[in-house]
Amino acid sequence: MQAINASIGFDQKLAAEDIAGSKAHATMLAKQGILSDADRDAILSGLDAILAEIEAGEFPFSEELEDIHLNVEARLKDRIGEAGGRLHTGRSRNDQVATDFRLWTRKSLDLFDHLLTDLMTALLDQAEAHADTIMPGFTHLQSAQPVTFGHHMLAYLEMFARDRSRMRDCRVRMNESPLGAAALAGTPYPIDRDMTAEALGFDRPMANSLDAVSARDFALEALAAASICATHLSRLAEEIVIWTSAQFRFIALSDAFTTGSSIMPQKRNPDAAELVRAKVGRIMGSLTALMIVMKGLPLAYSKDMQEDKEPVFEAFESLELALRAMAGMVRDMAPNEARLAEAAGAGFSTATDIADWLVMHLNKPFRDAHHVTGRIVALAEEKGLTLDGLALSDMQAVEPGITDEIFSVLSPLASATSRMSYGGTAPDRVREQVKRWRSQLT
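Here the residue numbers are simple positions, counted from 1 along each chain's written sequence. Restriction of local features to residues with pLDDT of at least 70 applies here, the model being predicted, together with a cutoff of 80 or more for giving and counting side-chain atom pairs; totals for whole chains, interfaces and linings are based on all residues. Where side-chain values are given, they derive from all heavy atoms of the structure, hydrogens and water being excluded.

(A) Region of interest: the pairing of strand β1 (residues 134–139). Relative to strand β2 (residues 142–148), β1 runs antiparallel, the two being bridged by five bridges. Across the sheet, the residue bridging to I134 is T148, located in β2. Pairing between two strands is assigned when DSSP locates at least 2 bridges connecting them. Strands here mean DSSP runs of E at least two residues long; helices mean DSSP runs of H or I at least four residues long; both are numbered from the N terminus. Hairpin remark: β1 followed by β2, antiparallel, with two residues in the connecting loop; positive phi at H140, about 60 degrees.

(B) Representation of the nonpolar core. In this text, buried Ala, Val, Leu, Ile, Met, Phe, Trp, Tyr and Cys residues form a nonpolar core when linked through side-chain atoms within 4.5 Å. The buried label goes to any residue with under 20% of its type's maximum accessible area, the exposed label to any with over 50%, and the partly exposed label to all in between, with areas taken from a 1.4 Å probe on protein chains only. By size, the foremost hydrophobic cluster in this structure holds 93 residues, and its most contacted members are F160, L233 and M326. Between two residues, a contact is recorded if the distance between any of their heavy atoms is within 4.5 Å. Once you skip the residues sitting within four places of it in the chain, L233 turns out to touch L119, F160, V276, L319, A322, L323 and M326. In this structure, A369, V377, L379 and I402 belong to the second largest nonpolar core, which totals 19 residues.

(C) Molecular detail of the layout of surface pockets. Space inside and on the surface of the protein is sampled on a 1 Å grid over the protein atoms alone, with a cavity defined as a set of points where a 1.4 Å probe fits but cannot get out and a pocket as an open set with protein on both sides within 12 Å along at least 5 of 7 lines; lining residues have an atom within 4 Å of a point. Grid points are joined across faces, edges and corners, and a volume is the space filled by probe spheres set on the points. Empty space within the largest pocket amounts to approximately 370 Å³. Residue lining of the largest pocket: 17 residues in total, with F138, H152, Y156, R235 and E239 positioned closest to the centre. Mapped by element, the contributors of at least two residues to the lining of the largest pocket are β1, β2, α7 (149–174) and α10 (217–243). For the lining of the largest pocket, the leading source of residues is α7, giving five residues. Here the lining of the largest pocket is built from residues that sort into eight nonpolar, six polar and three charged. Residues were grouped as follows: Ala, Val, Leu, Ile, Met, Phe, Trp, Tyr, Cys and Pro as nonpolar; Asp, Glu, Lys and Arg as charged; and all remaining residues, including Gly, as polar.

(D) Structural context of empty space enclosed by the protein. Taken as a whole, this structure holds one cavity of 30 Å³ or more when the rule is applied. Reported here for the largest cavity is a volume of approximately 40 Å³. As for the largest cavity, its lining consists of F138, L141, E239, I242, W243 and F248. If one sorts the elements of the lining of the largest cavity by residue count, α10 sits on top with three residues.

(E) Spotlight on the packing of α10 against helix α12 (residues 309–332). For helices, the fitted axis covers only the stretch in contact; all axes are lines through C-alpha atoms, and the angles between them, taken along N-to-C directions, range from 0 to 180 degrees. Relative to each other, α10 and α12 sit at 35 degrees, their axes nearing to 10 Å. Helix-helix and strand crossings are classified by hand; for α10 and α12 the assignment is left-handed. Where α10 approaches α12, its residues A219, A222, L223, A226, C229, A230, L233, L236, A237 and I240 are matched on the opposing element by P311, V312, A315, F316, L319, A322, L323, M326, M329 and V330. The sense of a crossing depends on the near helix, which, turned anticlockwise from the far helix by less than a right angle, makes the crossing left-handed and, turned clockwise, makes it right-handed.

(F) Inspection of the packing of aromatic side chains at higher detail. In summary, the pairing rule links any two rings of Phe, Tyr or Trp, Trp by its six-membered ring, whose centres are within 6.5 Å, and it sorts them by plane angle into stacked for under 30 degrees, edge-to-face for over 60 and tilted for everything else. Summed over all chains, the structure comprises eleven aromatic pairs. Judged by centre distance (6.4 Å) and plane angle (25 degrees), the rings of F138 and F250 are stacked. Taken together, the residues F138 in strand β1 and F250 in the loop between α10 and β5 (251–252) connect sequence positions 112 residues apart. By relative accessible area, which is 27% here, F138 ends up partly exposed. By relative accessible area, F250 is classed as buried at 2%.

(G) A look at the state of the cysteines. By convention in this document, the label disulfide applies to cysteine sulfur atom pairs within 2.5 Å. Tallying each qualifying case throughout the model produces zero disulfides. In this structure C170 is a free cysteine whose sulfur lies 13 Å from that of C229, the closest cysteine sulfur available. Exposure remark for C170: the relative accessible area of 0% places this residue in the buried category. Residue classification places C229 among the buried residues on the basis of a relative accessible area of 0%.

So, to be careful, I would describe these as geometric facts and stop short of saying anything about function.
This is the structure we're talking about:
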């Protein structure tokens, strides 16, 4: 029973939050005349001493005392005597743990906000430095149209900006205090829940005591946001793995974020990116695990909810590590501009520009222009040439109306530069977005 019931092995992570909640509760009890000032002072002093013990690694955690709450309370009684037993007046472990867990999750969301901003800044720096660097854009991992490396970096910046927004939204919804809900029905003591909510940085107390002790949707929402963020990290990690390969050679990473092979001295493996890519499995798994724990629980508290913390702890630890590693890799990556430019012109990537030119200059319907372009591409393929390597006469044999002006759109750089629509890949548009984000991130 002790083995299955005890949670101190993992919920000791909540020690700082548990002590903060207890200090707010004791201060409120004294203000309301439920606790004497002398007892309050003894409790606050004792809790500070206990926190110091924990931070110094000197606290005697006991599995027999089940969890962080009973461990702290027992130690408090040892230190200050009878006054320690008065701390639990007007509360339950049910609202206590709900409060601790919200505080811990809120702190983690604040950390992720900082880490995401750092990653976004790293991407922005790359985008600014490479607003003119041409590379192939892909669909189906096949060459599609030329884009700029800066535009590609900004695509991920936008994804991570939405991740940050989701976490901020989650923080707003979860920032209500369960403290004072007691076991499930509230308490007969004249407590001041607004006071403890304010002391702990919550916006307000939760309005329903049953909901306060039984809700874990704040953790589910945080895990969902973490899972979406992890998928974005995984996608960028996958591209880093592909781009650093000998077949692509789009970017290089230094030894700081790669490892060697045990038998092949020439290898530089993108292990950091591969591990970031793998972390999404842990994080999504944690979301699924907690959803299954919560899906069939009647109100209010059930011991099943003890299983809520480990998935969140593990997922958030993985996400923190992945965010830090990805920001490092983005700053470390060195684009191979020559190779990117070479690849940008492969696969007849400016074919759509021919079709667009035919529409805009010869007033052809796009479907007809598409057909003409297909014949020109086939001719270039037959001759073993790039599109801008075809002679004007070759193209005029397919469509007599074509003039030498068409060559102004056939290079990858010209193609990218022409994409001036809002959100497009043109270097001027990239610089506009860089400027917008720079003002928001500084």
